[in-house]
Amino acid sequence: MAILEIRGLKVYYHTLSGIVRAVDGVSLSIDKGEWLSIVGESGSGKSTLALSIPRLIMPPGRIVEGRIIYSGVDLLGLADDEVRRYRGREVGMVFQDPTAYLDPYRTVGSQIAEALLEHGLAFDRREAEALTGDALELVGIPRDRASVYPHQLSGGQRQRVAIAAAVALEPKILIADEPTTALDVVVQAKIMDLMKRLQEERGLTVLLVTHDIGLAAEYSDRIAVMYAGELVEVGPAVEVVSHPIHPYTEMLVNSVPDPWEDREIKPIPGSPPDLRNPPPGCRFHPRCPLRQSVCTATEPTLKRVDGGRSHSCLIR
Ligand SMILES: Nc1ncnc2c1ncn2[C@@H]1O[C@H](COP(=O)(O)OP(=O)(O)OP(=O)(O)O)[C@@H](O)[C@H]1O
Ligand code: NI
């Protein structure tokens, strides 16, 4: 059953130099308890898509069209104060830089405890502190570390605390935007393993945003590949990576090292288009080796094929 359904979403940034069509007609659904990763090059609109879900898009950005249905409720139809109740409590968020939202002047424990009280998940200070300790332990941080300040923790520990803070509110879905990009690979694996455990043990739905398709393949149930504001391929993680359908997915896979196979790394030639003025037809056509005349003349849509997969390639 879908916990989240995004339909025809368009999110544009209205800048002085033009309208940046960062998310331009995305439809995607995520099942309860599933881990879906959104992958794609820098600037493809991944973060814009993720931030739209709890309606955290700031001006000059604006959600111009579409629906975001969470557990049957269209979040885009709610008043601001109503949507605030979903943030944190239902939809948890973790970002690349936890220092951006951990207050440097307050202990990590007091910040988690306060959120618990604010959302009515703890009856009093004492219960909030107990639950905070539980949340820290859940992410592998001793409960007595509640009394430290963010700067006293390592980068990996801070990200754990951020996850503890998010998970303490018992959200149904955790949106993690590049949560391990700033961390070394060993710490990255630990954070990913932790999220996997939360998915398996608590039935947490995970939406991971990453530019790392290898990482996505290792941890996700499904992968959605984004290019220039649109989805080009969606399907079971292992299949998408081992047998990509869309040429962009294929080139993205070939542009990163394969830990199991010794093959040549081929960077994708060219660069993504200017989203103020994207190319007509398939937005990938200027970089696509399979390009034919239909690719410049036809607007592709995501079509379903066998195996729970979909793609938007006009040739394949
Ligand atoms: N505040 C903003 N004002 C104007 N344009 C923006 C703003 N934020 C993002 N954009 C543009 O929207 C497009 C999508 O950006 P977004 O950050 O969503 O991509 P991304 O896939 O998350 O990239 P990255 O991997 O670098 O994080 C880009 O062209 C970007 O320049
Ligand atoms: Ni991003």
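Residues numbered from 1 in each chain as written. Chains lettered and ligands numbered in written order. Predicted model: local features only at pLDDT ≥ 70, side-chain atom pairs only at ≥ 80, totals over all residues. Heavy atoms only, no water.

Spelled out, the test is: UniProt positions are given in the numbering used here, feature names are shortened, and annotations may be inferred rather than shown by experiment.
The name that an unreviewed UniProt entry assigns to the chain is Nickel import system ATP-binding protein NikD, with the source organism given as Aeropyrum camini SY1 = JCM 12091. Under the UniProt heading Catalytic activity (unreviewed entry), the note attached to the chain is "Ni(2+)(out) + ATP + H2O = Ni(2+)(in) + ADP + phosphate + H(+)". Its UniProt record, at the heading Subcellular location (unreviewed entry), says of the chain: "Cell membrane".

## Some remarks on the environment of Lys-266
To be explicit about the condition: Per the convention used, a helix needs a DSSP run of H or I reaching at least four residues, while a strand needs a run of E reaching at least two, with both numbered from the N terminus. Only protein chains enter the calculation, and the probe is 1.4 Å; a residue is then buried if its accessible area is under 20% of its type maximum, exposed if over 50%, and partly exposed in between. Contact definition: two residues touch when any of their heavy atoms are within 4.5 Å.
Relative to the assigned elements, Lys-266 resides in the loop between helix H9 (247–254) and helix H10 (293–297). Look at Lys-266 and you get partly exposed, because its relative accessible area is 47%. As a C-alpha pair, Lys-266 and Gly-203 span 63 residues in sequence and 38 Å in three-dimensional space. Sequence-distant contacts of Lys-266, defined by excluding residues within four places in its chain, comprise Met-251, Asn-254 and Ser-255.

## Notes on the pairing of strand S3 (residues 35–39)
We count it as follows: Strands were regarded as paired on the criterion that DSSP finds at least two bridges between them.
In terms of residue burial, S3 counts as a mostly covered element, since 5 of its 5 residues are buried. One ladder, built from 5 bridges, connects S3 with strand S8 (residues 205–210); its direction is parallel. Directly across from Trp-35, in S8, lies its bridge partner Val-206. By the bridge criterion, 4 bridges tie S3 to strand S9 (residues 222–227) in an arrangement that is parallel. Residue pairing across strands places Val-39 opposite Val-225, the latter belonging to S9.

## Overview of the site of ligand 1
The criterion, for reference: We define proximity as follows: a residue is near a molecule or strand when any one of its heavy atoms falls within 4 Å of that partner. We call two N or O atoms a polar contact when they sit within 3.5 Å, provided that within protein one can donate a hydrogen and the other can accept it, with sequence-adjacent residues counted only if both atoms are side-chain atoms. Note that accessible areas follow from Shrake-Rupley with a 1.4 Å probe, and for residues the cover is restricted to the protein chains shown.
The environment of ligand 1 is made up of 15 residues, and the closest members are Ser-42, Gly-43, Lys-46, Ser-47 and Thr-48. Gly-43 is positioned with one of its backbone polar atoms (N or O) 2.8 Å from an oxygen atom of ligand 1. Note that an oxygen atom of ligand 1 is positioned 3.2 Å from one of the backbone N or O atoms of Ser-44. Relative to its unbound accessible area of 640 Å², ligand 1 is 64% covered by the protein chains. Put simply, the parts of the chain that give the shell around ligand 1 at least two residues each are strand S1 (2–15), strand S2 (18–31) and helix H1 (46–52).

## Let's talk about the packing of helix H3 (residues 108–118) against helix H5 (residues 155–168)
Helix packing for two helices is described by the angle between their axes and how far apart those axes are. Quick reminder of the rule: Note on geometry: axes are C-alpha line fits, over the in-contact stretch for helices, and angles between N-to-C directions span 0 to 180 degrees. In what follows, roughly perpendicular refers to angles from 65 to 115 degrees, roughly parallel to angles under 35, roughly antiparallel to angles over 145, and oblique to any angle outside these ranges. For a crossing to be left-handed, the near helix must be turned anticlockwise from the far one by less than a right angle; the clockwise case is right-handed. Asp, Glu, Lys and Arg are counted as charged, while Ala, Val, Leu, Ile, Met, Phe, Trp, Tyr, Cys and Pro are counted as nonpolar; the rest, among them Gly, fall into the polar class.
Relative orientation of the contacting elements H3 and H5 amounts to 15 degrees, with a least axis distance of 9 Å. The angle between the axes of H3 and H5 places the two elements in the roughly parallel class. The handedness of the crossing between H3 and H5 comes out as right-handed. The segment H3 lies against H5, with Val-108, Ile-112 and Leu-116 engaging Val-161, Ala-164, Ala-165 and Ala-168. Considered class by class, the residues forming the contact of H3 with H5 number 7 nonpolar, no polar and no charged.

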